[in-house]
Amino acid sequence: MLKIKINQERDEGKKNLLQQQIKNLKIDIKEQKQLLKDLNKIKKELQNLKMLNDIMISFRIHIISQIRPALSGYASELFENLTEGKYSEIELDENYNLIVYDNGIPFTIERFSGGEEDLANLCIRLAISEVITQRAGSIFNFIILDEIFGSQDNIRKQNIIKALNSFSSKFRQIFLITHIEEIKNLMENSMIVFEEENGLSKIKIE
């Protein structure tokens, strides 16, 4: 009788263990189904993102193809004026590398002097501002240019100032940051930042 009872308890324990294992397997199966469902959802989202990325790349190429000629046109006009006709054309290639034409022959910007390179880059910056302003259909409040005169001779400095004056109708304020003393005499207003003996910086308006 005792042996039968022991066997029954043992069988009952095996039964309970099997039931628990079955229960655990059902939970695992449910979790695996949910993981598979989540995985399929992620795969679909990745496909959508890839499709969106492809669309954005195509859109970017389209926009660039529209803007690049405009940038080249504005920059070329500025560059010709600033160099007094020495160079008449700047071009941006498909990778936005800067190309300058000398007597109709295209050269990368590295071929030119540091001053001419800085001048060409300034023309591109101003051309970008011009295009943005036109596309926005309004006048921007201001433009800030930092240390654009350092590598230029006196004639080109004056040419740059004249070019910037022509932008006054497009930008209400043009801020020039420079350490060149004579530039301030060419400005309508100037703010001089200086350091006092106590190490504090102050601004003087002239």
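A brief report on the enclosed structure follows. Since the model is a prediction, treat every value here as computed from it, not as a measurement. (Residues numbered from 1 in each chain as written. Predicted model: local features only at pLDDT ≥ 70, side-chain atom pairs only at ≥ 80, totals over all residues. Heavy atoms only, no water.)

1. Comments concerning the nonpolar core
This is how the line gets drawn: In this description, a nonpolar core means a group of buried Ala, Val, Leu, Ile, Met, Phe, Trp, Tyr and Cys residues linked to one another through side-chain atoms lying within 4.5 Å. Using a 1.4 Å probe on the protein chains alone, a residue whose accessible area is under 20% of its type maximum counts as buried, one over 50% counts as exposed, and one in between counts as partly exposed. Strands are runs of DSSP state E lasting at least 2 residues, helices are runs of H or I lasting at least 4, and numbering of each runs from the N terminus. We call two residues in contact when some of their heavy atoms are within 4.5 Å.
Ranked by size, the top nonpolar core spans 32 residues in total, and within it Phe79, Ile90, Leu126 and Ile160 carry the most contacts. Here this core gets eight residues from one element, more than from any other, and that element is helix 2 (residues 114-136). Apart from residues no more than four positions distant in its own chain, isoleucine 90 is found in contact with Ser72, Ala75, Ser76, Phe79, Leu98, Ile99, Val100, Ala120, Cys123 and Ile124.

2. Description of the side chain of lysine 157
Here lysine 157 shows up in helix 3 (residues 154-165). Take lysine 157: its relative accessible area is 10%, and that puts it in the buried class. Setting aside anything within four residues of it in sequence, one finds lysine 157 in contact with Phe149, Gln152, Ile180, Glu182 and Ile183.

3. Some points on a nonpolar patch on the surface
For clarity, the cut-off: Candidates for patches are residues over 30% relative accessible area with no salt bridge; among them, like charges are joined within 9 Å and nonpolar side chains (Val, Leu, Ile, Met, Phe, Trp, Tyr) within 5 Å. Accessible areas in this description were obtained via Shrake-Rupley with a 1.4 Å probe; residue shielding takes into account the shown protein chains only. Salt bridges are counted wherever a side-chain nitrogen of Lys or Arg sits within 4 Å of a carboxyl oxygen of Asp or Glu.
A cluster of nonpolar side chains, namely Ile42, Leu46, Leu49, Met51, Leu52, Ile55, Met56 and Phe59, defines an oily patch on the protein surface of about 820 Å² accessible area. When its relative accessible area of 46% is taken as the criterion, leucine 52 is described as partly exposed.

4. With respect to the pairing of strand 6 (residues 191-195)
The following threshold applies: Here the rule is simple: two strands pair whenever DSSP picks up at least two bridges between them.
Taking burial as the measure, the five residues of strand 6 include zero buried ones, a minor fraction of the element. Taken together, the five bridges between strand 6 and strand 7 (residues 201-205) define a ladder with antiparallel strand orientation. Each bridged residue has a counterpart across the sheet, and for isoleucine 192 the counterpart in strand 7 is lysine 204. Between the antiparallel neighbours strand 6 and strand 7 lie five residues, among them glycine 199 with a positive phi of about 90°.

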